[in-house]
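For reference, the chains in residue letters:
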Amino acid sequence: MPRQKNYKAAMLMPIPPAVGKAPDAVPARPATARIVFTELLGVGVRTPSARGIDLTEWLGRGIDEWVWAALDCYVAKLRSGTCQTSTVHNESRGVAKFFEFLLDGRGQPLLVVPGELRPLHVTQFVGWLQRRQEARGLSSESTRSVYKGAKSTFVTLMHHGLIEGDPKLFFPARALPNKHFAPARAQPYSDAEQQRLADALRADLIDVHHGRLHLAPSAVLVTYFLVVAMRTGCNLTPLLEVARDAIRPGLVPGTQFLRLRKHRGARIVSRVLKEAERDGGETLVIPMDAVAVLERALDETAELASHAPPHLTNRVWLFRSLDSRQRGVIKCLRRETIITATRSMAKRRNLLDDSGKPLLVATTRLRQSLGKRAWRLSEGDPVAVAAVLGNTPRVADSNYLRIDEQLQAEAASYMGRELSVHLRAGADGRRTVPLVVNDGSSTSTLTPTGRCKNSLFGAYAPKDGGNHCDQFVMCLFCPSFAVAGESNDLWRLYSFQRYAMAELDHLAAVNGDQPSGIAKPDDLRLLYEAAIPFIDRFCEQSFGKAMCVQAKHRVQREVHPFWQHLMKRSAMRRDGVQLHDTATGHLRSEGSKHE
């Protein structure tokens, strides 16, 4: 059972009395002011990315009393067992900035011993942090983290009598105004980004299984880890520390429970995992469900667990190190290992985000994405989202539920297409027309430009009941034209835009800015000039900038075959090449005439 924290316990732990006493009472100190977490607390301790605390660089600069007081304070906190090593490490980073403030631009330190600290000095430190933030372009969140770390250290020293005074006088409320403070939270992946990431993970799993891809053992485990993280939305640390017996049978057939331990919340969180059906198909040789992948990781690391150090025998993500300094040593995945492996995978699979930059793979974004999917599937039920994420509704609402560009585009699509239908009364003036959500896939016909709701009797169709409309250049000006919020539809529309831009460039090269005097080319010119900017404006307002950028990148790589064919035919006509008319079966030569 996880223990409850007692924040007063660390303050009551005695600090060695040598600190703050006369120089003749101070025992011999080591040459380095360093704490190694494993040496102080044992090899099984939970450690952050850093392995310890090192304040050695501040020794011999006139503030040795500050350095040893802070170091003894951290030792007391760690030995009390009520503070995580990551918490104490963050405090040491804050106090290191305070040491920098004491020496910044001064021949002698501003304060020599902790007992000299006064409220005015804390106010000066806050001002120094704000000026530093503006000069270096740092975030307000980073500045607040530094201040909170230093403040926590000062409060502990006050409780031990090394700093005299009332904390309320030293640390007034709102010392750093939060008017413009907005915590930088991870953004969820778009649907397209999640699909690209899932495809990359699947490709790596299949290639490793068939021997086509040779990765380090740690990189293979990171692939398994990301699949489980994507399916469960677990936080990084609980999933790294998942036990080997964490999978339990579920109450519903075909499901299992994954039990995770959240230290900060002092509770156990369960995730319901659904097993994929095994039909022997090629696509399920490496199934992508979390249960199968986690069981595969357990099988591959079973032998390592029997030879691992005692504090790692119950861990899942075990591997033998290939580092020349620790070759063969059994280790468990860490945050740094995951970051390195995900960057390599993104480079290997050319993973890009919607803006064309390398995709940043992080468990925080995977968790945000799971919350976003739960929000959409539950039709905006915060209680359901909280249950999926393992949080209370209040925590889920403040940390995971937000409107991103994709949800804004979906809302705009609803407002533009369905709201008027929903509010419109029926023929009798009293009945409301039922709201029917139509994604365009069942009642629309795909066209090279997008979709058509009535290709037989549309505005430009033959209207003979048998022949479909083929006036695709006029789609934008037809009431039957439709575009669904899918990447393929936007790709077709932007491909038409590319064709229109090419035709407009040709007309401008031939006639300049003046009309040609021929009705049809001049009409087409006006049509293209109106269509090109309208497509950009319409798509960004309806579907969001990210999806539009993705579609444009695809058009740069490949234009829709229909418009690519028309562009090729137009270029051949201008060169005087004879073309075969598929409608009449005759050869024709049109030179540079514009059809």
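These remarks concern the structure in this document. (Residues numbered from 1 in each chain as written. Predicted model: local features only at pLDDT ≥ 70, side-chain atom pairs only at ≥ 80, totals over all residues. Heavy atoms only, no water.)

Taking 1.5 Å per residue, 19 residues should reach 27 Å; helix H8 (residues 191–209) reaches 27 Å between its end C-alpha atoms and fits that length. Looking at the packing, one finds that the buried side of H8 touches helix H9 (217–232), helix H13 (335–348), helix H14 (363–377) and helix H21 (545–557). (Helix = DSSP H or I, 4+ residues; strand = E, 2+ residues; numbered from the N terminus. Expected span 1.5 Å × (residues − 1). Contact = heavy atoms within 4.5 Å.)

A few words on the nonpolar core. Ranked by internal contacts, the top residues of the largest apolar core, which has 48 residues, are Leu197, Phe225 and Trp317. It is H9 that provides the largest number of residues to this core, a total of ten residues. Non-local contacts of tryptophan 317, meaning those with residues more than four positions away in its chain, are made with Leu221, Tyr224, Phe225, Val228, Leu239, Leu240, Val242, Leu294, Ala297, Lys331, Cys332 and Leu333. Judged by nonpolar contacts, the second largest core, of 46 residues, contains Ala33, Phe37, Leu71 and Val88. (Core = buried A, V, L, I, M, F, W, Y, C linked by side-chain atoms within 4.5 Å. Buried < 20%, exposed > 50% of the residue type's maximum accessible area, 1.4 Å probe, protein only.)

As a further point, take helix H4 (residues 85–103). The end-to-end C-alpha separation of H4 is 27 Å, in line with the 27 Å expected for 19 residues at 1.5 Å each. Of the residues flanking the end of H4, it is glycine 105, one or two places downstream, whose phi is positive at about 70 degrees.

Take the packing of H9 against H14 next. Here H9 crosses H14 at 30 degrees, and the two axes come no closer than 8 Å. On the basis of their axis angle, the class for H9 and H14 is roughly parallel. On the side of H9, the interface is formed by Phe225, Leu226, Ala229, Met230, Arg231 and Thr232, while H14 contributes Thr363, Leu366, Leu370 and Arg373. Split into classes, the residues belonging to the contact of H9 with H14 amount to six nonpolar, two polar and two charged. (Axes fitted to C-alpha atoms, helices over the stretch in contact; angles between N-to-C directions. Parallel < 35°, antiparallel > 145°, perpendicular 65-115°, else oblique. Nonpolar A, V, L, I, M, F, W, Y, C, P; charged D, E, K, R; others polar.)

The next thing to look at is the packing of aromatic side chains. What characterises a pair of aromatic rings is the spacing of the ring centres plus the angle enclosed by the ring planes. Summed over all chains, the structure comprises 17 aromatic pairs. For the pair phenylalanine 101 and tryptophan 128, a centre-to-centre distance of 5.9 Å together with 55 degrees between the ring planes defines the contact as tilted. With phenylalanine 101 in helix H4 and tryptophan 128 in helix H5 (residues 119–136), this residue pair connects regions lying 27 residues apart in the sequence. The class of phenylalanine 101 is buried, set by a relative accessible area of 2%. The exposure class of tryptophan 128 is buried, given its relative accessible area of 9%. Both rings, one in phenylalanine 496 and one in tryptophan 563, keep their centres 5.0 Å apart while their planes meet at 55 degrees; by these two values the pair is tilted. (Phe/Tyr/Trp six-rings, centres within 6.5 Å; stacked < 30°, edge-to-face > 60°.)

Without other data, these values stay purely geometric and don't point to any function.
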